[in-house]
Amino acid sequence: MFLSVIIPCYRETKEQLNRCLNSLGFLTSICEWEAWIVDDGSPNHQAQAWVAERNDEHLHCICQTNQGQSVARNNALEKAEGEYIALLDADDEWIPEEYVKLIQILQEQHPDLLGLRWKQTTVPYYDGSAIQFIQEEDINPAAWGYIYRKKAIGDLRYTPGIFHEDEEFNTLLHLRTERLIMTPIAAYHYHNNPESTVRTLNKQRLEKRFNDFLGVVGRMQAESTLHQELQRRVHVMAMCFIADLLQSAPSRIFLFDKLNDLKKLKLYPLPPYKGIKRYGWIRPLTFLKSLCYLENRIIRTFRSIRN
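Predicted model, so just to flag it, every value in this text is computed and none were measured. (Residues numbered from 1 in each chain as written. Predicted model: local features only at pLDDT ≥ 70, side-chain atom pairs only at ≥ 80, totals over all residues. Heavy atoms only, no water.)

**Q** Explain helix 7 (residues 165-176) here, please?
**A** Since one α-helical turn is 3.6 residues long, residues separated by three or four positions face the same way. In a regular helix each residue adds 1.5 Å, so 12 residues correspond to 16 Å; helix 7 covers 17 Å between its end C-alpha atoms and thus fits that length. Listing the buried residues of helix 7 in full gives Glu165, Asp166, Glu167, Glu168, Phe169, Asn170, Thr171, Leu172, Leu173, His174 and Leu175. (Helix = DSSP H or I, 4+ residues; strand = E, 2+ residues; numbered from the N terminus. Expected span 1.5 Å × (residues − 1). Buried < 20%, exposed > 50% of the residue type's maximum accessible area, 1.4 Å probe, protein only.)

As structure tokens, then:
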């Protein structure tokens, strides 16, 4: 088996899942493949029934009680037989004419990790050491942003029950990867979902999301004492934490509370780092003594960056 595709499914509609699975059809003509759809406690296990309706020998379904994406992916990883592993969200789809290019790179170059994009970018083609890359460039934190050699994954698994599990997994995977190829190929069609984790306005979920993010940052910081290559990544994650917090915090109390938590990790104010333009703009603002003034200044800075 050449490629295994892992697709967790929870509350997606039949139309969304069919659209997702239809986008895989092109694989049949170019490689051996299978897809593991994990019904993560969908209502009445409807996802399992929808997969069965398709009567496609390439599609396999795992049915479990709702335990979240991490457990769903981990269970599928145990079943997957492909040399390479790709992850796909059930409400998204692949762009076949672009994904073909990625399969060709896998077949011809055999990297341990192959990166793709969800929209056209100016990121250059890279072929080399994953550890060197993580010290010089930003990584794509999304699970779908790579095709993984199963051998490189080894016993690495997603941490169950947390948000931002992709960032932790992909960061640690770079330490295990010998040859990384990053491409600017836009082969993934991401569909905006207002109910997604990163867009929820529910205060309880926001609390958990930011606490989980801090947990990931803290674990990566601890890991960086053994792997100096991770220091840049830790600093970038701290910057992203601040950016996300400023856009999503439901109140100033919430904002300042989380900034203080980041301060306990000695990542606020942001440590010195050169090479990232946005980091260079944001870091000086984190030294302002007045938190209210800090909030207003950083918000204005982010608005100018985004515009």
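Next comes the rest of the description.
**Q** In this structure, what is going on with the packing of aromatic side chains? I would like to understand it.
**A** Aromatic ring pairs are reported here in terms of the distance separating the ring centres and the angle at which the planes meet. Counted under the stated rule, the structure contains 13 aromatic pairs. Aromatic pair Phe210 and Phe241: ring centres 5.5 Å apart, planes at 90°, arrangement edge-to-face. Residue Phe210 is located in helix 8 (residues 203-224), and its partner Phe241 is located in helix 9 (residues 231-248); the two are separated by 31 residues in the primary sequence. Grouping residues by exposure puts Phe210 and Phe241 together as buried. An aromatic cluster is present here, built from Tyr146, Tyr148, Tyr158 and Phe169 joined pairwise through their rings. Against the face of Phe163 rests Lys208, its NZ or CZ located 5.7 Å from the ring centre. Above the plane of the ring of Phe210 lies Arg209, whose end atom (NZ or CZ) is 5.0 Å from the centre. (Phe/Tyr/Trp six-rings, centres within 6.5 Å; stacked < 30°, edge-to-face > 60°. Lys NZ or Arg CZ within 6 Å of the ring centre and 35° of its normal.)

**Q** Help me understand the packing of helix 8 against helix 10 (residues 252-264) in this model?
**A** Relative orientation and spacing of two packed helices are given, respectively, by the angle between their axes and the distance between those axes. Where helix 8 meets helix 10, the axes come as close as 11 Å, and the angle between the chain directions of the two elements is 15°. On the basis of their axis angle, the class for helix 8 and helix 10 is roughly parallel. For helix 8 against helix 10, the interelement crossing comes out right-handed. Seen from helix 8, the contacting residues are Leu206, Glu207, Phe210, Asn211 and Leu214; seen from helix 10, they are Phe254, Lys258, Asp261 and Leu262. (Axes fitted to C-alpha atoms, helices over the stretch in contact; angles between N-to-C directions. Parallel < 35°, antiparallel > 145°, perpendicular 65-115°, else oblique. Left-handed = near helix turned anticlockwise from the far one by under 90°. Contact = heavy atoms within 4.5 Å.)

**Q** Sorry if this is basic, but what is going on with the pattern of salt bridges here?
**A** Where charged atoms from two side chains of opposite charge come close, those side chains can pair. Taken as a whole, this structure holds 20 salt bridges when the rule is applied. With its nearest N and O atoms 2.6 Å apart, the salt bridge here joins Arg219 to Glu168. Of this pair, Arg219 sits in helix 8 while Glu168 sits in helix 7, and the two are 51 residues apart along the sequence. When its relative accessible area of 7% is taken as the criterion, Glu168 is described as buried. Each of Glu207, Asp257, Lys258, Asp261 and Lys264 takes part in one network of salt bridges that share partners. (Salt bridge = Lys/Arg side-chain N within 4 Å of Asp/Glu carboxyl O.)

**Q** Looking at this structure, I do not really get the side chain of Arg233. What am I missing?
**A** Residue placement: Arg233 occurs in helix 9. Residue Arg233 is classed as buried on the basis of its relative accessible area of 5%. For Arg233, the contacting residues outside a window of four places in its chain are Ile134, Ile139, Pro141, Glu167 and Thr171.

**Q** Hey, could you run me through the pairing of strand 4 (residues 84-87) in this one?
**A** In summary, the side chains of a regular strand alternate between the two faces of the sheet. Burial along strand 4 is two-sided: Tyr84 and Ala86 and Ile85 and Leu87, pointing in opposite directions, are all buried. In terms of strand pairing, strand 1 (residues 3-9) meets strand 4 through 4 bridges, oriented parallel. Paired with Ser4 across the strands is Ile85, a residue of strand 4. Sheet topology places strand 4 next to strand 8 (residues 146-149); 3 bridges connect them, and they run antiparallel. Opposite Tyr84, over in strand 8, you have Arg149 as the bridge partner. (Pairing = 2+ DSSP bridges.)

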